[in-house]
Every structure is written in C-alpha cells, then in structure tokens.
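Fold and geometry: a report
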Amino acid sequence: MVSVVVRVTSSGTISFQSPVDYSVEGGYVITADLDGDGKIDIAVSGQTGFVRVLYGHGDGTFDAAVSYHREPPVMRDYFSGC
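These remarks concern the structure in this document. (Residues numbered from 1 in each chain as written. Predicted model: local features only at pLDDT ≥ 70, side-chain atom pairs only at ≥ 80, totals over all residues. Heavy atoms only, no water.)

**A word on the sheet that holds strand β8 (residues 66–69)**
The sheet built from four strands is open, its strands ordered β5-β6-β7-β8 with antiparallel pairing. Single-partner strands in this sheet number two, and they are β5 (28–32) and β8. Adjacent strand axes in the sheet meet at a mean angle of 25° when their direction is disregarded. The pairing of strand β7 (residues 50–54) with β8 spans four bridges and is classified as antiparallel. Bridged to Val-51 within β8 is Tyr-68. (Pairing = 2+ DSSP bridges. Helix = DSSP H or I, 4+ residues; strand = E, 2+ residues; numbered from the N terminus. Axes fitted to C-alpha atoms, helices over the stretch in contact; angles between N-to-C directions.)

**Some points on the environment of His-57**
Relative to the helices and strands, His-57 is located in the loop between β7 and β8. Residues His-57 and Lys-39 lie 18 residues apart in sequence; the distance between their C-alpha atoms is 6.4 Å. Not counting residues within four places of it along the chain, the set of residues in contact with His-57 comprises Lys-39, Phe-62 and Asp-63. For His-57, the side chain forms a polar contact with the side chain of Asp-63, separated by 2.6 Å. (Contact = heavy atoms within 4.5 Å. Polar contact = N/O pair within 3.5 Å; in protein donor to acceptor, adjacent residues only side chain to side chain.)

As structure tokens, then:
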C-alpha cells in the first residue's frame, strides 16, 4: 500500500490533504519523473519479479499501477542505491 499526501499552501499557510491510498505490493519505493513528462511518478518494487509504476498527473493524483516484469537483482540494486 502506498499513501500519497499532497501539501497545499495558501497565503503562507501549510496544510495537508487527507492521504490517498494506492493498493500496490512491494517494499522499495522511489519517486521520479520516469516517463519524461515533467510529472512525478511512483515506482514500487518487491520480491515478486515485477516493478509497479503509478504515473502521476502533476496534481498529486496517480493512475492505477502498471506492472512491468523485471529481473529482481537488477531492480533491487537500483532501488537500494536511491
């Protein structure tokens, strides 16, 4: 499970919206612009042989996870280096 909390600022006041939960298995999480569209995406990797990517919309919301098969040692090394 990945929970996303969006920070909202207004007139110098910082507040947080309620968390939005995305059902995704895994233990390693990174955030980055993975598809080059200028918006933050979330990638989650675990022991199952897949990496799951939630592509961001740029407003704190994300698409449902898309699964990609990957070789576990390669992604585990990449995620542990973040």
